[in-house]
Each structure stands twice: as structure tokens, then as C-alpha cells.
Amino acid sequence: MKKHFPLSPPIEQIEQRLFGVSEGLIEAVRRGETSPAIADTVRRSPEWTEYHSDIQDDRTPRSDEETYSPPDLPDRIRDLIRRRVAAAPLASLALPAPGQIVRVDKIVTPRPAQLDAIMMAPLHVLLDAPTEAPAVWHGWLVSAETDYAGWWDFVLQEQDAPFDPEAAMVQLWNPVRLYLPMAARVVGRLSPARLQAVRALAADFAVAEAPANIAAWPGRVASRTTSAGLRVTTGSPLGSEHDARHRYQQLYFEAAEVVREPARLALRALAEIPAGREGSLLHRLIAAAGRAAEILLPEPRVAVAMSGDDASGLPDLSWPGVARLRLHELTGKGEGRMEVTAVGTEPLAVEVRKGSEFEDRVGLLPGDVDTVAWDQGSTALMLSTASGRRFELSLEPSEPPADWP
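Conventions we followed
Residues numbered from 1 in each chain as written. Predicted model: local features only at pLDDT ≥ 70, side-chain atom pairs only at ≥ 80, totals over all residues. Heavy atoms only, no water. Pairing = 2+ DSSP bridges. Helix = DSSP H or I, 4+ residues; strand = E, 2+ residues; numbered from the N terminus. Axes fitted to C-alpha atoms, helices over the stretch in contact; angles between N-to-C directions. Contact = heavy atoms within 4.5 Å. 1 Å grid on protein atoms, 1.4 Å probe; cavity = no way out; pocket = protein on both sides within 12 Å on 5 of 7 lines; lining within 4 Å. Points joined across faces, edges and corners; volume = space filled by probe spheres on them. Nonpolar A, V, L, I, M, F, W, Y, C, P; charged D, E, K, R; others polar. Parallel < 35°, antiparallel > 145°, perpendicular 65-115°, else oblique. Left-handed = near helix turned anticlockwise from the far one by under 90°. Phe/Tyr/Trp six-rings, centres within 6.5 Å; stacked < 30°, edge-to-face > 60°. Buried < 20%, exposed > 50% of the residue type's maximum accessible area, 1.4 Å probe, protein only. Lys NZ or Arg CZ within 6 Å of the ring centre and 35° of its normal.

Attention now goes to the sheet that holds strand E4 (residues 153-155). Reading across the sheet, the six strands line up as E4-E5-E3-E2-E1-E6 and stay open at both edges, with antiparallel pairing between neighbours. Both outer strands of the open sheet, E4 and strand E6 (183-189), are each paired with one neighbouring strand and no more. Strand-to-strand twist in this sheet, taken as the mean axis angle between neighbours without regard to direction, amounts to 45 degrees. Relative to strand E5 (residues 169-179), strand E3 (residues 136-143) runs antiparallel, the two sharing seven bridges. Directly across from Val142, in E5, lies its bridge partner Val170. Relative to the sheet, helix H7 (residues 244-255) contacts strand E2 (123-130), E3, E4 and E5, its axis offset from that of E5 by approximately 10 degrees.

Okay, here's the thing in C-alpha cells:
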């Protein structure tokens, strides 16, 4: 292994950021956003005591003689700020799309409190393609510490700008599936050509080993060519057990579990939708929403006495922040009836169409509940919000079953 300068930041600092008691976690405990078990652990930590000591020190008044002058920012910090500001407009991009790098701030699961966990620090994911469920996408974890780049790390270059400096290196050795409600905003976007280069490097990782005739050189990156002939910038192969990049990869692989587990839970919830024509309709609704970059989530149905519900074995579908859908009936002839609840803050319209004509239309204000019905001649069911979000499901019997992968 070639000699190198100390890697930045130190591996101990990375471990503390990913798994230590952060200021954000302490604030979450103070706001009551964690479980009692997590809150108790945090309150017994040295960081909790230090945090409250710092607050007390900040409240101590200074004497009149004391003056405060902010220090000059190092050039490196100024450059990080510049790059982050340049990437800020990407936050307005609609999710999801291949090549987007998204920030993940918190854990979201299909059912509340499925995981007794909290994110210690934000993570980032490069989106590649949807899984069999439109609400879950394949991708790779993305990190900031390019000093720790290995042979299977894709290091972003100037041609990939703008991107947040916290998302500068794609970890091809650390694939994940992301449950889209966890994506907070876009912080980077690779062009189709650059995403193809990432995929080529990932394909090489799947079938090849790092070359033994290239020396480990931590802290250095270089341009090379994938087996498909595409240029990429990566680090060198990992070295001996003393190479800090081994520990770095272990830390990030463990950290990625807070991304992987919600995706597993989402896929499990989808698999629990019963078979049959009713379950097929729910799957088709979920797929129709996914094609419109919207998300429908199966949720356990809450029993309502005297509701006349004859499809009680099915889950409801939640359109997060917008609506809750409950299928009451679907006959073999294609006739159906669905209850819709507006759970968001804006009006919602539900329309049943036969060709270009309305058969049924229900307008709901926030909190309203109503039912729409369709018959065997109906052609489409459409849901739309006042702000323009919408998706449409074809009700025509000729629709192929492959609509749901």
C-alpha cells in the first residue's frame, strides 16, 4: 500500500456522525419524537449533558468589554457553501426520476412505528429504476468522503455539477432499495450518459474482483475505463487490514440499513394484498399512481361497524397527505364501488368516465367522505387535486394483466 496523507475526515468522526448521539437526535428527544427507549438512552449519554451545558453557556451574558468577531472562513468551506448553493434549485424537481440523487432525512414506514429507530444523520441515495412496486426504487448509497474512495466508488466530477458536496461519491458496493416517501428532496442529478457509466461500473462490480496488480493508494482517485468502455473516476483497490477504507465501508453498509428496512416493509405490505380480482385492482391502482409519480400505500383497514363492507379482507390504499381509498365492491362483470376520504388540506375530485363523458363525479373538501361507483361500461377512474396532482386508472376489461409487474 502506497504512503498517503491522513484521510479526511478521520474515520472516528465519520463513525460518530453516523451512529453517535447527534444534536438533531437530541432535539428530536426534546420534542418527544422518539420512543421512550431511545429517549432514555439519549438522556443517559454524555452528549445530552454536554448539549445542555453548551446551552447554559450561551445564555451567560458577556461583559460590556467583550466583543465578538466572526472568524474568516477557509477557502475550502467557502467552496462547499458555493457548491451547496448551486445545487439548491434542484430541490424543486419532481420525484422520482433515474439519475436523481435524493436526500433522506427521516425514517418512513408503511405503518406508523414499525421501526423503533431514528436517523442519526442524513443519508443520500442515487435513484436507478423502480422495483416491482412503484413506491420502491433501486439505487445506491451516496456519500461525501471522497478520500475514502475505493475501486468500486464512482466519484462525481465537475461535469456532474451541480450537486451537494454531501453527495459526491456513489457507493456501488452498497446497493439499496429506497421507499420513496423517505426521499426529502433532490440534491443532484446525473445525465443519462453518466448514469449509464454508473450502471456499467455496477455491472463490473457484480462479476469481477478489484485487480491485484494495482497498489492500494488511499486518498487518491483516478480515471479509468469500465469493461463497457465508459470512463469513470474511482479510488484504488483496498489494501491491508490497516487500510481505513475497510472500516469506512463497514460503517456505511450498516448505516444503509435504515434505508433498506423501510423498503423491505413496503414490499412486504404489497405482498400481503390478497390475490383475486379485488387485489388485482388495488395493484393496478398502485401502478397507475406510480406512473404519475404519485404513491399509493396499502394500510390496514380499520373496521367500521354497520358499514356494509363486503371486501373487509383488503387493505385500504393511502395517498399520503391527500386521500384514503377503500374498495367496497368489485363484481365479476367489472362493476365496482369505492369509498374515498380526503385527508389532506386541499379539495379532491374523483371522476368515473365512459369515454370522454362523466358517469360519476365526486368533489371532496378536506375531511369529506363519499363513494363513487362504476359499471361494466366505465372506462376510467381518475383522482385529482386542486393543485394539479392526478392519476388515472383504466377500467376497460381489455387492460393487460401485465400492468402490475
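That was the structure; now back to the text.
The next subject is the layout of surface pockets. Considered as a void within the structure, the largest pocket measures approximately 720 Å³ in volume. Along the wall of the largest pocket there are 23 residues; nearest its centre are Arg76, Leu80, Ala144, Pro165 and Glu166. Breaking the lining of the largest pocket down by element, the ones donating at least two residues are helix H1 (11-19) and helix H5 (75-87). Top element by residues in the lining of the largest pocket is H5. It accounts for seven residues. Across the lining of the largest pocket, the residue classes break down as ten nonpolar, four polar and nine charged. When its volume is computed, the second largest pocket comes out at roughly 540 Å³. Considering the residues around the second largest pocket, the lining is formed by 23 residues, among which Glu33, Lys106, Ile107, Ala117 and Ile118 are closest to the centre. Of the residues that constitute the lining of the second largest pocket, the class distribution is 13 nonpolar, five polar and five charged.

On to the packing of helix H2 (residues 23-30) against helix H3 (residues 36-43). It is at 10 Å that the axes of H2 and H3 come closest, and there the two elements cross at 125 degrees. By the angle between their directions, the pair H2 and H3 is classed as oblique. At the point where H2 passes H3, the crossing takes the left-handed sense. The residues of H3 that touch H2, namely those facing Leu25, Ile26 and Val29, are Ile38, Ala39, Val42 and Arg43. The residue inventory of the contact of H2 with H3, partitioned by class, reads six nonpolar, no polar and one charged.

With that settled, the discussion passes to empty space enclosed by the protein. The tally for this structure, following the rule as stated, stands at one cavity of 30 Å³ or more. There is about 40 Å³ of room inside the largest cavity. Counting residues per element, the ones that place at least two in the lining of the largest cavity are helix H8 (257-271) and strand E9 (297-299).

It is worth spelling out the packing of aromatic side chains at this point. This model, assessed by the stated rule, comprises four aromatic pairs. Ring centres 5.6 Å apart and planes at 65 degrees place the aromatic pair Trp152 and Phe205 in the edge-to-face group. With a gap of 53 residues between them, Trp152 in the loop between E3 and E4 and Phe205 in helix H6 (residues 192-207) connect regions that are remote in the sequence. Residue class for Trp152 comes out buried when judged on its relative accessible area of 12%. With a centroid separation of 5.0 Å and an interplanar angle of 70 degrees, the aromatic rings of Trp319 and Phe391 are classed as edge-to-face. Of this pair, Trp319 sits in strand E10 (residues 316-319) while Phe391 sits in strand E17 (residues 390-394); the two residues are 72 residues apart in sequence, bridging distant segments of the chain. Residue classification places Phe391 among the buried positions, given a relative accessible area of 2%. One aromatic cluster is present, built from ring pairs that chain together Tyr148, Tyr248 and Tyr252. A cation over an aromatic ring shows up here: Arg224 above the ring of Trp151, its NZ or CZ 3.7 Å from the ring centre. Lying across the ring of Trp152, Arg224 places its NZ or CZ 5.5 Å from the centre.

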